[in-house]
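The residues making up each chain are set out below.
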Amino acid sequence: MKLTYKFNNDEKNLEINKEEYLAPENIIVYIREGDTVYVKNGDYVYINQLIKEASNGIKSYATVSGTVEMNEEEGIIKVVNDKTNSAFVSEEALDDISEVKKEVILEMCENLGIDYENKLIVNKLKNKSKVLIINAIDVEPYQFNNNYLFQDNVTGLLETTNLLAKRFNIDAHLILSKYDDNNVAAVREIIAKYNDINFKVIPDVFPYTTNQCIARKYFNAYKYDDILFLDTFALYKIYMALKEGLPVADRYITICFGEATKVYVVKTKYGANLGELIKNSLSESIENKDIYLNNFMRRVKCDNLESLVVSDNTKTIFIFDKQDIKASKCIKCGKCVDICPVEINPLAKVLDSACIRCGLCSYVCPANINLLSKEK
Amino acid sequence: MEKGLLQKNKILGINILYIVSILPLIIFAFYKNGLMVYNNGETTMFLAFQYLIIPIIIIVLSYVFEIYYYLIIKKDSDCHNVVNSLAPYVNALCYLVCGPRDFLWVTIPLIIMFDILLKFIDNKWSINQIALFKCVLVALLAITGFYNNANLYELNNNLNPSLFDYFIGRSVGCIGTTSVLCCLIGYVVLLFNKYYKKEIPLLAILGYSIVAIIIYFVGGLSFTNLLIKTFKSGFIFAAIYVAPLSMATPVVKSGRIIYSLLIGMICAILVNIANFYMGIYIVILISSFLVPLFNKFKLSVS
Ligand code: SF4
Ligand code: SF4
């Protein structure tokens, strides 16, 4: 697929390869302190079966079917894929979600572990947030996978948004990128049916598509207590919970080689090993490369792809040629301050809490100082 | 596909542009203080060339010291700090603000000494090295009675420069600061440098002009007179090269605006009313001390 996007104000065209890696040899769930584990060694698990729950409410489900191999010493639960795709199907699956009640929505969000830790979604919905912003744009440059998820589920996502707007009496805004032609067209075609959704198309310029920047720029909001932000993936999870009564097992991740010279959007399973995924499904080697997860501008390198698995936090893997970045002395050029989209001073010893961690300050710094690190 | 998503060494390029931007000044200094004086038979060819050779010596010496500082003192085996250092540029500028007949065996060690001194107190205070150097130098020369900015030719001949002479720099002044034209050419070069604070000279000149216009209407100074004073004082040089010195200027935009306007306005008063040309450097020096304060001029987020 060809995609146009904007980075640093330059419009670019890019060829994206779409891949699937839905049958990994095994999936891995890590056990941490305080987790409740629901399976034991030798158990057979189905797709969508609950494996463990963390103390903060995050739930891990099997995303492949097979036998459990537990290594408690290393804290690993491995499910060896028998490739039969045997899955639980929920009785709560619905044909039409438009009649779902408020309480059911809240309950499903909690039960399926969509809304864990401080229950941001549930609390905001309960506390009568005034605005719901569905930010369907990939905030980081080169992520390009929200659009695929959106494309696969346009109707469902719009139905869910409309439902949330109606049930919670909330102002719902759906935001799409101006460059996401297919989805914009698809939404325009059916939006008339969903009259509780305000549809907005904005230019995708990094980092002005982060939630905070959208709130500031388009809603004049500098405090976000009243706003519930959902990205495509969170909305999709709610949709799946309401429609199928099930957790989400697959997700898109983007693997970006070089300086976006080669981009793969891969549909894969939660728990699939990243090193294995690259080795088995793509031809590129990752030897002698620098790897960045999710945001290369923040410059947090990840040393061991082999031990990483696809999780909620995996969105993009950037694979660059090895590069030795050395910081020199700050020349006080002020570029970092000028570029900061939330107008804070990145040079401050302790970064202001308004920082959206976009990494632009480090990106422009001629002295290569990592302004997001504590030792600057 | 665009290159440059990852960090590349940018300061090396910045450094080269900085040094290129002072080349017109150095060449003009060589012409005015060397060639012209030699043509009038008032100096030797060797001495005439000093104005070309000394800046090179200073730049080389600065690098030697940088290598010594990072390799020996800081025990940092990597040379990227040396390559990235702006000290050679700053030191060359210090040379340009010396008088044409100042004793070089005093000024060169003094320049290097300031470089060393500021390295050690670095990051603690914000000090404009060029302004500080100039103030100390002038104080030393004034005390010892050697303060005079005329070259040998200007000293022996009573010249009466026109406005145009002042503009192109055929007037009494520091080695490399007299030519407004060369400063403007340098500014154009600096515009290509993304990390040069280009708005500072513009705003300083704006602040200066506002006060100058008031003086024109209230004080009755003629337009030509105002221009001559401005060119003669070296304000344009100070605004383009000294005031925006990156290490001693506010990083916050609003702070930068106030800093530059303030410098421009005070300089206009000192130059046109008090006839105190040295005041420019004192104002810049004091403002550089206040940079942490200027950095607080910032619209707060919440
Ligand atoms: S401080 Fe840096 S990372 Fe934080 S918002 Fe500003 S530019 Fe982005
Ligand atoms: S961009 Fe880098 S060199 Fe410039 S002021 Fe910020 S930290 Fe210093």
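Residues numbered from 1 in each chain as written. Chains lettered and ligands numbered in written order. Predicted model: local features only at pLDDT ≥ 70, side-chain atom pairs only at ≥ 80, totals over all residues. Heavy atoms only, no water.

J.: Tell me what's going on with the sheet that holds strand β4 (residues 36-37) of chain A, and back it up with residues and numbers.
T.: Consider a sheet: its strands pair through backbone hydrogen bonds, and that pairing is either parallel or antiparallel. Residues and elements named next belong to chain A. Ordered in space as β4-β6-β7, the three strands form an open sheet in which the pairing is antiparallel. Of all strands in the sheet, those bounded by a partner on one side alone are β4 and β7 (59-61). Strand direction decides the pairing type here: strand β6 (residues 50-53) and β7, joined by three bridges, are antiparallel. Paired with E53 across the bridge in β7 is K59. (Pairing = 2+ DSSP bridges. Helix = DSSP H or I, 4+ residues; strand = E, 2+ residues; numbered from the N terminus.)

J.: Would you mind going over the site of ligand 2 in detail, with residue names and values included?
T.: Residues in contact with ligand 2, as listed here, are C330(A), I331(A), K332(A), C333(A), G334(A), C336(A), L347(A), C365(A), P366(A), I369(A) and L371(A). The class makeup of the residues in the shell around ligand 2 is nine nonpolar, one polar and one charged. (Near = heavy atom within 4 Å. Nonpolar A, V, L, I, M, F, W, Y, C, P; charged D, E, K, R; others polar.)

J.: Tell me what's going on with the domain arrangement of chain A, and back it up with residues and numbers.
T.: Interface size is commonly expressed as the accessible surface area that is lost when the partners come together. Residue and element names in this part refer to chain A. Partitioning chain A into structural domains gives domain 1 (2-88 + 247-321), domain 2 (102-243) and domain 3 (328-376). Look at where the C-alpha atoms of domain 2 and domain 3 centre, and you get two points 30 Å apart. For the pairing of domain 2 and domain 3, the buried interface totals around 580 Å² over both sides, and the portion due to carbon and sulfur atoms is 67%. If you sort the residues of domain 2 by the area they bury against domain 3, F206, P207 and R216 come out on top, with a joint share of 58%. On inspection of domain 2 and its partner domain 3, the count reaches zero salt bridges. Here domain 2 is connected to domain 3 by zero residue pairs in polar contact (both at pLDDT 80 or more). (Domains from an automatic or database assignment. Buried area = accessible area lost by both parts, 1.4 Å probe. Salt bridge = Lys/Arg side-chain N within 4 Å of Asp/Glu carboxyl O. Polar contact = N/O pair within 3.5 Å; in protein donor to acceptor, adjacent residues only side chain to side chain.)

J.: Mind laying out helix α7 (residues 232-243) of chain A, listing which residues take part and the relevant values?
T.: Residues and elements named next belong to chain A. Here α7 is twelve residues long and its end C-alpha atoms lie 16 Å apart, about the 16 Å a rise of 1.5 Å per residue gives. Among the twelve residues that make up α7, twelve are buried, leaving the element largely enclosed by the rest of the structure. Along α7, the residues classified as buried are T232, F233, A234, L235, Y236, K237, I238, Y239, M240, A241, L242 and K243. Within two residues after α7, G245 carries a phi angle of roughly 70°, on the positive side. (Expected span 1.5 Å × (residues − 1). Buried < 20%, exposed > 50% of the residue type's maximum accessible area, 1.4 Å probe, protein only.)

J.: Could you give an account of the sheet that holds strand β5 (residues 44-45) of chain A, naming the residues involved and the relevant values?
T.: Residues and elements named next belong to chain A. Reading across from one edge, β3-β9-β8-β5 is the order of the four strands in this open sheet, with antiparallel pairing throughout. Of all the strands in the sheet, just β3 (26-30) and β5 have a single pairing partner and so form its edges. Taken together, the two bridges between β5 and strand β8 (residues 66-71) define a ladder with antiparallel strand orientation. If you follow Y44 over to β8, its bridge partner there is T67.

J.: Describe the pairing of strand β9 (residues 76-81) of chain A, listing the residues and the values that go with them.
T.: Residue and element names in this part refer to chain A. Inspection of the sheet shows β3 paired to β9 by five bridges, in the antiparallel sense. Bridge pairing in β9 links Y30 to I76. The sheet contact formed by β8 and β9 spans six bridges and is antiparallel. Looking across to β9, one finds that N71 is bridged to I76. Connecting β8 to the antiparallel partner β9 that follows it, the hairpin turn spans four residues, and G75 within it adopts a positive phi of roughly 70°.

J.: Just give me the short version of the confidence of the model for chain A, but keep the residues and values in it.
T.: Mean pLDDT over chain A stands at 88; residues scoring 70 or higher make up 97%. For chain A, per-element mean pLDDT is lowest for strand β1 (residues 2-7) of chain A, which scores 63, and highest for β5(A), which scores 96. (pLDDT = per-residue confidence, 0-100.)

J.: Help me get a handle on the nonpolar core, residues and values and all.
T.: Within the largest apolar cluster, 93 residues are counted, with the highest numbers of intra-cluster contacts made by I22(B), Y89(B), Y95(B), F133(B), F237(B), Y241(B) and I284(B). Looking at which element gives the most residues to this core, the answer is helix α1 (residues 11-39) of chain B, with ten residues. Those residues in contact with F133(B) that sit more than four places away from it in its chain are C94(B), V97(B), C98(B), T107(B), L110(B), I111(B) and F114(B). Listed in part, the 74 residues of the second largest apolar core include A165(A), F233(A), F318(A) and I344(A). (Core = buried A, V, L, I, M, F, W, Y, C linked by side-chain atoms within 4.5 Å. Contact = heavy atoms within 4.5 Å.)

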